[in-house]
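A closer look at the structure
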Amino acid sequence: AKENNSRELVYYTDDLYLQNIRQAQLREAIKKSIRNHFEGFELFYQPIVHSEEKICESAEALLRFHTPELGMVSPMDFIPILETSKDIISVGAWVIEKAMETVKEWQTINPDFKQIHVNVSTIQFHVPGFKKFVFDTLKKYSLPGSALVLELTESCRVKSTEEFAELFEEFKRHGVMTALDDFGTGYASLIVLCDIPVDILKLDLQLTQNFVKHPQHRAILKLVADLCKNGKIRLCAEGVETEESLSLMKNAGADLIQGYFFSKPLPEAEFRKKYIEMT
Ligand code: C2E
Ligand code: CA
Ligand code: CA
Ligand code: CA
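Predicted model only: the values in this text are computed from it and were never measured.

About the cut-offs
- Residues numbered from 1 in each chain as written.
- Chains lettered and ligands numbered in written order.
- Predicted model: local features only at pLDDT ≥ 70, side-chain atom pairs only at ≥ 80, totals over all residues.
- Heavy atoms only, no water.
- Helix = DSSP H or I, 4+ residues; strand = E, 2+ residues; numbered from the N terminus.
- Rg over C-alpha atoms; globule rule 2.2 N^0.38 Å.
- Contact = heavy atoms within 4.5 Å.
- Lys, Arg positive; Asp, Glu negative; His and termini not counted.
- Charge placed at Lys NZ, Arg CZ, Asp CG, Glu CD.
- Near = heavy atom within 4 Å.
- Polar contact = N/O pair within 3.5 Å; in protein donor to acceptor, adjacent residues only side chain to side chain.
- Areas by Shrake-Rupley, 256 points an atom, 1.4 Å probe, with all protein chains shown as cover.
- Nonpolar A, V, L, I, M, F, W, Y, C, P; charged D, E, K, R; others polar.
- Axes fitted to C-alpha atoms, helices over the stretch in contact; angles between N-to-C directions.
- Parallel < 35°, antiparallel > 145°, perpendicular 65-115°, else oblique.
- Left-handed = near helix turned anticlockwise from the far one by under 90°.

1. Let's talk about the overall build of the chain
The number of helices and strands found in the chain is 11 helices and 10 strands. A globule of 279 residues ought to have a C-alpha radius of gyration of about 19 Å, and the chain, at 20 Å, matches this closely. Counting only C-alpha atoms, the chain reaches 60 × 50 × 45 Å along its principal axes. The long-range fraction of contacts in the chain, counting pairs at least 24 apart against all pairs at least 6 apart in sequence, stands at 67%. Placing the 33 positive and 41 negative side-chain charges of the chain at their respective mean positions leaves the two points 1 Å apart.

This is the structure we're talking about:
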């Protein structure tokens, strides 16, 4: 057993070593990419579907990073790097700009398409010029505020909620919508919901899938759905992969559905073909 243990230890250190090398390579590749006009960054789009009408008027933009050497890297791996280095500020601005350019193109093809959801790190919200940047970008593409939904992760809430509440009120006045992402994963979910005026609540995919597996947990689902209804907040269920999950969420009162059941995140051209041009 001892022998086994020591062997495992060797593998573990080896693995850590490789992990560190890969991390360093990734950091280097990201720096290079940013200097190179964000080459290697790409937005994929996942449809968000009405639970009743089954139509898709919005999509979530999900960031991808790939290089010939590293292949496709998961945002779970590179977003933390971008946040530590603060590069999330410039990359996040690129994401918003790209998403708005795209929604403009899509709306000229299909005026019924409404909006793109963009993930925003708390670091970005704290940049003094962030609000102005958002409004300037909308103006640049002659878009209404409603073309953009800002997704905020509850776990990222560090500064005072008061400050956030003010900022979000201002976005609201301009028609920009806000969503509370990953609801159910942070400890302060309900408190945040009372303090920050959001339009959409996104039920975390783990929670969604949990409700499918454990019927005894569904009282919580009802509670969340009632909370949304009373607060005039639209409920969006993430991680809907099966018919069963779809009907459970729909019956519980979810207004919007996102997940592999409808589609994985797609490259822009594929999303356009399938959901905008509908050919
Ligand atoms: P998120 O915002 O919660 O995005 C949803 C994630 O769930 C996406 O992973 C999506 O591909 C995945 N997903 C969607 N439907 C299903 C499903 O039915 N089943 C399963 N198992 N997964 C599903 P992805 O694209 O890997 O993104 C991971 C996270 O990275 C995002 O989680 C978000 O927190 C972050 N992220 C992505 N793009 C950006 C960005 O532009 N800026 C920032 N700050 N964060 C981003
Ligand atoms: Ca999100
Ligand atoms: Ca989420
Ligand atoms: Ca997440």
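There's plenty left to go through after this.
2. Topic: the site of ligand 1
Neighbouring ligand 1 are 23 residues, the closest being Gln46, Arg64, Asp181, Glu241 and Tyr260. Side-chain polar atom of Arg64 to an oxygen atom of ligand 1: 2.9 Å apart, as the coordinates give it. Contacts to ligand 1 include Asp182, whose side-chain N or O atom sits 3.1 Å from an oxygen atom. For ligand 1, whose free accessible area comes to 800 Å², the fraction covered by protein is 84%. For the shell around ligand 1, the elements supplying multiple residues, two or more each, are β2 (56–67), α2 (75–85), α3 (88–109), β6 (177–183) and α8 (205–213). No other element matches β2, which puts four residues into the shell around ligand 1. When the residues that make up the shell around ligand 1 are grouped by side-chain class, the tally is 11 nonpolar, six polar and six charged.

3. With respect to the packing of helix α5 (residues 130–140) against helix α6 (residues 161–173)
Across the interface, α5 lies against α6 with an axial gap of 11 Å and an inter-helix angle of 15 degrees. By the angle between their directions, the pair α5 and α6 is classed as roughly parallel. The handedness of the crossing between α5 and α6 comes out as right-handed. For the pair α5 and α6, the contacting residues are Phe130, Lys131, Val134 and Phe135 in the first and Leu167, Glu170 and Phe171 in the second.

Nothing here speaks to function; it is geometry throughout.
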